[in-house]
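# Structural description and commentary
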Amino acid sequence: MLLRILRLAGRLPLAWLHRAGAALGWLAYWSSPSYAARLRENLYASGVCSGATQCDALRRGAIAEAGKSVAELPAVWFGAAEAVERLVVECEGWDVVERARARGAGVIFLTPHLGCFEISALYGAQRMPLTVLYRPPKQRWLEPLMVAGRSRWNAKVAPADLRGVRMLYRALSRGEAIGLLPDQAPGVGEGAWAHFFGRPAYTMTLVRRLQQASGAAVIMAFAERLSAGRGYRLFLEEIATGGLDEAALNRAVEAQVRRRPEQYLWSYNRYKVPAGAEPPPPKAEGRSQKAEG
């Protein structure tokens, strides 16, 4: 029944979904003090804004955009194939992907919690085999919906465990593409401490390990959410892999966030210390520092 409702919602105009999402964002902000506090703390400490007026405007924009990121999921995950394909109205940099594919070592797509990262993956899956790593949600009833929404066209999902990581390695060995959220907080033993917007963040080492093992190209993907429900503008940019450690990875994510900081998910608990991990060292500067757990 829920799936049927979501498919019906996916037929609604994107502008309607985004208007509802903006209201949903404010509802979540006012109903959860911890959510609101984390959003404000992460945003204000990032340095992407200065002064009370600018930061308050950015905060209000981030609240609405966070709600839109949820409300647009029916259209992205369950909309008709031709309708989903039309959502990306402009793509800048697809030639970078084609050149990377021609080298035959596979492609690692990185999609931070920025803009509509779900449409970025599906856009790629419409054009090539793509294996996407995902972390099962805490609400187990959401997992079948997530898997169904992300497993479209040439896409398949890999759970964030040893089996899923093996799926990623095998996909790259076949010269295929994989997708990762580079700013997702990893579990203990799977990360290193590196600065993210000036604060130590436990950062996944998986991107570096996959790239070094495969020689794959690393491409950052950002789908900008356009105003008035006009769709998305996709930006693709290859990252230099020489010296790609966790500090460099975070800098690459920061550069994308600065494009449209109000579309970053500032409420995400990016700076948490995973259970069993050592806390960050007093200074986590320069090259990443491995946290033993």
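Notes on the structure follow. (Residues numbered from 1 in each chain as written. Predicted model: local features only at pLDDT ≥ 70, side-chain atom pairs only at ≥ 80, totals over all residues. Heavy atoms only, no water.)

### Looking at the nonpolar core
- Ranked by internal contacts, the top residues of the largest apolar core, which has 46 residues, are I108, L110, L180 and W266.
- Discounting residues that sit within four places of it in the chain, L110 has contacts with L180, P182, V207, V218, I219, M220, A221, I239 and L249.
- Residues L14, L17, C116 and A223 belong to the second largest nonpolar core, which totals 38 residues. (Core = buried A, V, L, I, M, F, W, Y, C linked by side-chain atoms within 4.5 Å. Buried < 20%, exposed > 50% of the residue type's maximum accessible area, 1.4 Å probe, protein only. Contact = heavy atoms within 4.5 Å.)

### Quick word on the pattern of salt bridges
- Inspection of every chain in the model, using the stated rule, returns 18 salt bridges.
- Among the salt bridges present, the one from E41 reaches R199, with a minimum N-O distance of 3.4 Å. Of this pair, E41 sits in helix α3 (residues 33-46) while R199 is found in strand β7 (residues 199-204), placing the two residues 158 residues apart along the sequence.
- In this structure, E90 and R233 form a salt bridge, with 3.1 Å as the shortest nitrogen-oxygen distance. Of this pair, E90 sits in strand β1 (residues 88-92) while R233 sits in strand β9 (residues 232-239), and the two are 143 residues apart along the sequence.
- Members of the salt-bridge network, linked through shared partners, are E90, E224, R233, R260 and E262. (Salt bridge = Lys/Arg side-chain N within 4 Å of Asp/Glu carboxyl O. Helix = DSSP H or I, 4+ residues; strand = E, 2+ residues; numbered from the N terminus.)

### Observations regarding the sheet that holds strand β4 (residues 155-159)
- Judged by pairing direction, the sheet is mixed, and its seven strands sit side by side in the order β1-β9-β8-β2-β5-β3-β4 without closing on themselves. Where the open sheet ends on each side, the last strands, each with one partner, are β1 and β4. Averaged over all pairs of adjacent strands, the angle between their axes in this sheet comes to 25 degrees, without regard to strand direction.
- In this fold helix α9 (residues 143-150) packs onto β3 (130-134) and β4, with an angle of close to 155 degrees to the strand it touches most, β3.
- Here helix α10 (residues 162-173) sits on the sheet in contact with β2 (107-110), β3, β4 and β5 (177-180), set at roughly 140 degrees to β4. (Pairing = 2+ DSSP bridges. Axes fitted to C-alpha atoms, helices over the stretch in contact; angles between N-to-C directions.)

### Structural notes on the packing of aromatic side chains
- Applying the stated rule across the entire model yields twelve aromatic pairs.
- With 4.9 Å between their ring centres and 70 degrees between their planes, F196 and F197 make a pair best called edge-to-face. For the residue pair F196 and F197, the accessibility class agrees, reading buried in each case.
- Taking the centre distance of 5.6 Å and the plane angle of 55 degrees together, the rings of F197 and W266 count as tilted. One end of the pair, F197, is in the loop between β6 (191-196) and β7; the other, W266, is in the loop between α12 (246-257) and β10 (289-290), with 69 residues separating them in the sequence.
- Residue class for W266 comes out buried when judged on its relative accessible area of 3%.
- Every member of this aromatic cluster is reached through a ring pair, and the members are F196, F197, Y264, W266 and Y271.
- The ring of Y123 has R127 lying over it, and the distance from NZ or CZ to the ring centre is 3.6 Å. (Phe/Tyr/Trp six-rings, centres within 6.5 Å; stacked < 30°, edge-to-face > 60°. Lys NZ or Arg CZ within 6 Å of the ring centre and 35° of its normal.)

### As for the pairing of strand β8 (residues 217-225)
- Most of β8 is tucked away: nine of the nine residues are buried.
- Judged by which residues are buried, β8 turns out to be covered on both faces: A217, I219, A221, A223 and R225 on one side and V218, M220, F222 and E224 on the other are all buried.
- Pairing of β2 with β8 involves four bridges; the strand directions are parallel. What sits directly across from I108, in β8, is V218.
- Here β8 pairs with β9 via eight bridges, running antiparallel. By the bridge assignment, M220 is partnered in β9 with E237.
- With antiparallel pairing between neighbouring strands as the criterion, β8 and β9 make up a hairpin whose turn holds six residues, including A228 at a positive phi of roughly 60 degrees.

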